Amino acid sequence: GTKQWVSNGTVAGILVVLAITGEHDGRKAFSALLVPRDAPGLRVEPMSELTALHSSPHARLHLEGCRVARTALLGAEGEGFATIGRPLREVEDAINLGALGGGLQALLRRLARGVPRDDAALAETLGGLQAQVDGMAAHARAVAAAFDAGMHGEPLHRLTLAGRQWARQFQSQVEWVRKENGLQEDGTLGRWTQDLDVIINLSRRIDQGRLHRTGAALIHGDGAAGPASRPQGRLHRMGAALINKVS
């Protein structure tokens, strides 16, 4: 079979592979296996089409008749997804929100470099974006704390989904501001944007399913959020401070 999106796959000496090793009640059972890079039947192919995330090179694994010793089994047979795959995904999702917020802050500061100091309207817009980054940072800390306190499963998934959804909307707003105001896109801004696109959208299909279920439940239930007030003076001061900091 083939496995895509293997983080650091081109430089790793040992790979953890989740493979189907059986079936229980009509459902596939996955086991985690430690596969040496030089194992017969394993071919590691760089994902040359991926032009982002250069600091973490990704690979595609091709396994054809690849056999490993039984001692390569990591954990209990047939329990790889439940005991390793799913928990690892929860850790990754929870921790990545902090790194994602840091990336969005860097993106915003880079954007602010091209803004004239006397542009009051754009200062207010950037102040609004900075307020969102601050909110995302607080959300990321709360998610990490909740995870450390033992939160798992659907409650945690909703919080991490909210963070990624927030990040997607934020990045769309940054791009709109750049284009609408004719701000120059330098090479660094473009590379950072591309990296963030990949990170945010790695789990897009899973997120879409969760969003659909949440929306369907909302349609059949009740509850609506009212509009929040817009403190324009404070937003202007935040944006002006951001422009002055990077100019």
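These numbers were taken from a predicted model, which means no experiment stands behind them. (Residues numbered from 1 in each chain as written. Predicted model: local features only at pLDDT ≥ 70, side-chain atom pairs only at ≥ 80, totals over all residues. Heavy atoms only, no water.)

1. Notes on the layout of surface pockets
So the rule is basically this: Cavities and pockets are defined on a 1 Å grid built over the protein atoms alone: a cavity is a set of grid points where a 1.4 Å probe fits but cannot escape, while a pocket is an open set with protein on both sides within 12 Å along at least five of seven lines, and lining residues are those with an atom within 4 Å of any such point. Grid points are joined across faces, edges and corners, and a volume is the space filled by probe spheres set on the points. Helix numbering and strand numbering both begin at the N terminus, where a helix is a DSSP run of H or I of at least 4 residues and a strand a DSSP run of E of at least 2. For this classification, the nonpolar set comprises Ala, Val, Leu, Ile, Met, Phe, Trp, Tyr, Cys and Pro, the charged set comprises Asp, Glu, Lys and Arg, and every other residue, Gly included, is treated as polar.
In this model, the second largest pocket occupies a volume close to 270 Å³. For the lining of the second largest pocket, the secondary-structure elements that each account for two or more residues are strand E3 (27-36) and helix H1 (80-112). When residues of the lining of the second largest pocket are assigned to their parent elements, the largest contribution, four residues, is made by E3. Residue composition of the lining of the second largest pocket, by class: four nonpolar, two polar and five charged.

2. Overview of the sheet that holds E3
Threshold: Any two strands are treated as partners once DSSP identifies two or more bridges connecting them. Contact criterion: two residues are considered in contact whenever any of their non-hydrogen atoms come within 4.5 Å of each other. Axes, fitted as lines to C-alpha atoms, cover a helix only where it is in contact. Angles between the N-to-C directions of the axes lie from 0 to 180 degrees.
Overall, antiparallel pairing links the three strands, which are arranged E2-E3-E6 in an open sheet. Edge positions in the open sheet fall to strand E2 (14-24) and strand E6 (73-74), since each of these has one partner strand only. One ladder, built from two bridges, connects E3 with E6; its direction is antiparallel. Bridge assignment links alanine 32 to a residue of E6, and that residue is leucine 74. Together, E2, E3 and E6 form the strand contacts of H1, whose direction differs from that of E3 by roughly 65°.

3. Details of the packing of aromatic side chains
Test applied: Between the rings of Phe, Tyr and Trp (Trp by its six-membered ring), a pair exists once the centres lie within 6.5 Å; its type follows the angle of the planes, with under 30 degrees stacked, over 60 edge-to-face, and the other angles tilted. A 1.4 Å probe rolled over the protein chains alone gives each residue an accessible area, and that area as a share of the maximum for its type sets the label: buried under 20%, exposed over 50%, partly exposed in between. Criterion for a charge above a ring: Arg CZ or Lys NZ at most 6 Å from the ring centre, at most 35 degrees from the ring normal.
The final tally for this structure, using the stated rule, is one aromatic pair. Relative to phenylalanine 81, the ring of phenylalanine 30 lies with its centre 6.5 Å away and its plane at 50°, an arrangement referred to as tilted. Taken together, the positions of phenylalanine 30 in strand E3 and phenylalanine 81 in helix H1 put the pair 51 residues apart, joining distant regions of the chain. According to the relative accessible area criterion, phenylalanine 30 is partly exposed, its value standing at 29%. On the basis of relative accessibility, which here comes to 40%, the residue phenylalanine 81 falls in the partly exposed class. Here the basic side chain of arginine 110 rests over the ring of tryptophan 192, its NZ or CZ set 5.8 Å away from the ring centre.

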